[in-house]
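Take a look at the letters that make up each chain.
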Amino acid sequence: MSRIGKKAISIPQGVKVNLNSNIIKVDGPKGSLSHQIGQDISVDVSSSEIKLSRKTDGREHRELHGLSRSIIANMVKGVTEGFTRKLEISGVGYKAEAQAGMLNLTLGYSHPVKYPLPKGITAEVDKQTGILLKGIDNQLLGQVAAEIKAYRVPDPYKAKGIKYSGEVIMRKAGKAGKAAGGK
């Protein structure tokens, strides 16, 4: 049995879980999320917890069992606590600015980069070099953070660019001078 899939998900107070055929909807203090569960995964919702089970012990069903449990657990956590991602910008002249529904980035290009934030995601900028993204949908939040990072991935020589907070950039040595080469 899947070690992740067999764990029950506890439902905190103030959270409502509705199951309608294959669509599970979770409502909480921060908002509402819904997700369509696969046909081969059955969900049992009681007053205090959610349990998932699968039809067979085949590989695909085992994989979907753990995945479905993780998605539902993230939905419950998202509507109660929410999720955050922190990005850091490093480089001379690189900066960010948050406006209503828009993130303006200056990343060394000839033009500023304007990134429209999707519904449900908010951004706060700290000292023009730190971006804090908040939202209730963990998957959407991760996708937004990856798209923002892709505008300027940190290079391995000077580590200029956008990186996740706590991410370690493996630095490379630059070119060796004339003294090391010979002729």
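For the structure, check the block above.
The rules behind the values
Residues numbered from 1 in each chain as written. Predicted model: local features only at pLDDT ≥ 70, side-chain atom pairs only at ≥ 80, totals over all residues. Heavy atoms only, no water. Pairing = 2+ DSSP bridges. Helix = DSSP H or I, 4+ residues; strand = E, 2+ residues; numbered from the N terminus. Axes fitted to C-alpha atoms, helices over the stretch in contact; angles between N-to-C directions. Phe/Tyr/Trp six-rings, centres within 6.5 Å; stacked < 30°, edge-to-face > 60°. Buried < 20%, exposed > 50% of the residue type's maximum accessible area, 1.4 Å probe, protein only. Lys NZ or Arg CZ within 6 Å of the ring centre and 35° of its normal. Expected span 1.5 Å × (residues − 1). Lys, Arg positive; Asp, Glu negative; His and termini not counted. Salt bridge = Lys/Arg side-chain N within 4 Å of Asp/Glu carboxyl O. Contact = heavy atoms within 4.5 Å. Core = buried A, V, L, I, M, F, W, Y, C linked by side-chain atoms within 4.5 Å. 1 Å grid on protein atoms, 1.4 Å probe; cavity = no way out; pocket = protein on both sides within 12 Å on 5 of 7 lines; lining within 4 Å. Points joined across faces, edges and corners; volume = space filled by probe spheres on them. Nonpolar A, V, L, I, M, F, W, Y, C, P; charged D, E, K, R; others polar.

**Some thoughts on the sheet that holds strand 2 (residues 16-20)**
Hydrogen bonds between backbone groups are what pair the strands of a sheet, and the pairing can be parallel or antiparallel.
At step 1: Spatially, 2-3-4 is the arrangement adopted by the 3 strands of the open sheet, whose pairing is antiparallel. This sheet does not close on itself; its edge strands, each paired only once, are strand 2 and strand 4 (31-36). Between one strand and the next, the sheet's axes are offset by a mean angle of 15°, whatever the strand orientation.

**Examining the sheet that holds strand 10 (residues 113-116)**
At step 1: Spatially, 8-9-10 is the arrangement adopted by the 3 strands of the open sheet, whose pairing is antiparallel. Whereas interior strands pair on both sides, the edge strands pair on one side only; in this sheet they are strand 8 (95-99) and strand 10. Neighbour-to-neighbour, the strand axes of this sheet turn through a mean angle of 20°, independent of strand direction.
At step 2: Strand direction decides the pairing type here: strand 8 and strand 9 (residues 102-106), joined by 5 bridges, are antiparallel. For A96, the partnering residue across the bridge sits in strand 9 and is L105.

**Quick look at the packing of aromatic side chains**
At step 1: Within this structure, the stated rule accounts for 1 aromatic pair.
At step 2: Ring geometry for Y115 versus Y151: centroids 6.1 Å apart, planes at 75°, classification edge-to-face. With Y115 in strand 10 and Y151 in the loop between helix 2 (138-150) and strand 13 (161-164), this residue pair connects regions lying 36 residues apart in the sequence.
At step 3: Residue Y151 is classed as partly exposed on the basis of its relative accessible area, which comes to 28%.
At step 4: A cation over an aromatic ring shows up here: R152 above the ring of Y109, its NZ or CZ 4.4 Å from the ring centre.

**Quick notes on helix 1 (residues 59-80)**
Helical geometry: 3.6 residues make up each α-helical turn, so side chains three or four residues apart lie on a common side.
At step 1: The first and last C-alpha atoms of helix 1 sit 32 Å apart over 22 residues, in line with the 32 Å expected at 1.5 Å per residue.
At step 2: Taken together, the buried positions of helix 1 are occupied by H61, H65, G66, S68, R69, I72, A73, M75, V76, G78 and V79.

**Points about the side chain of R69**
At step 1: Within the secondary structure, R69 is located in helix 1.
At step 2: E49 provides the closest opposite charge to the buried, salt-bridge-free R69, at an N-O distance of 9.3 Å.
At step 3: Setting aside anything within four residues of it in sequence, one finds R69 in contact with I4, G5, K7, A8, I9 and L52.

**Brief notes about the nonpolar core**
At step 1: Counting residues in hydrophobic clusters, the biggest one holds 20 residues, and the most contacted among them are I89, L105, I131, L133 and I148.
At step 2: Mapped onto this core, the elements with two or more residues apiece are strand 7 (83-90), strand 9, strand 10, strand 11 (121-126), strand 12 (130-135) and helix 2.
At step 3: When residues in this core are grouped by element, the largest group, 4 residues, is from helix 2.

**Let's talk about the layout of surface pockets**
Unfilled space is identified by rolling a water-sized probe across the atoms.
At step 1: In this model, the largest pocket occupies a volume close to 180 Å³.
At step 2: Taken together, L33, S34, H35, I71, N74, M75, I136, D137, N138 and Q139 make up the full set of residues lining the largest pocket.
At step 3: The set of elements that each furnish at least two residues to the lining of the largest pocket consists of strand 4, helix 1 and helix 2.
At step 4: Looking at side-chain class alone, the lining of the largest pocket contains 4 nonpolar, 5 polar and 1 charged residues.

**Quick notes on the pattern of salt bridges**
At step 1: Overall, the coordinates contain 6 salt bridges when judged by the stated rule.
At step 2: We note a salt bridge from K55 to D40, for which the minimum N-O separation is 3.9 Å. Of the two residues, K55 sits in the loop between strand 6 (49-54) and helix 1 while D40 sits in the loop between strand 4 and strand 5 (41-45), which places them 15 residues apart along the sequence.
At step 3: For D40, a relative accessible area of 24% translates into the label partly exposed.

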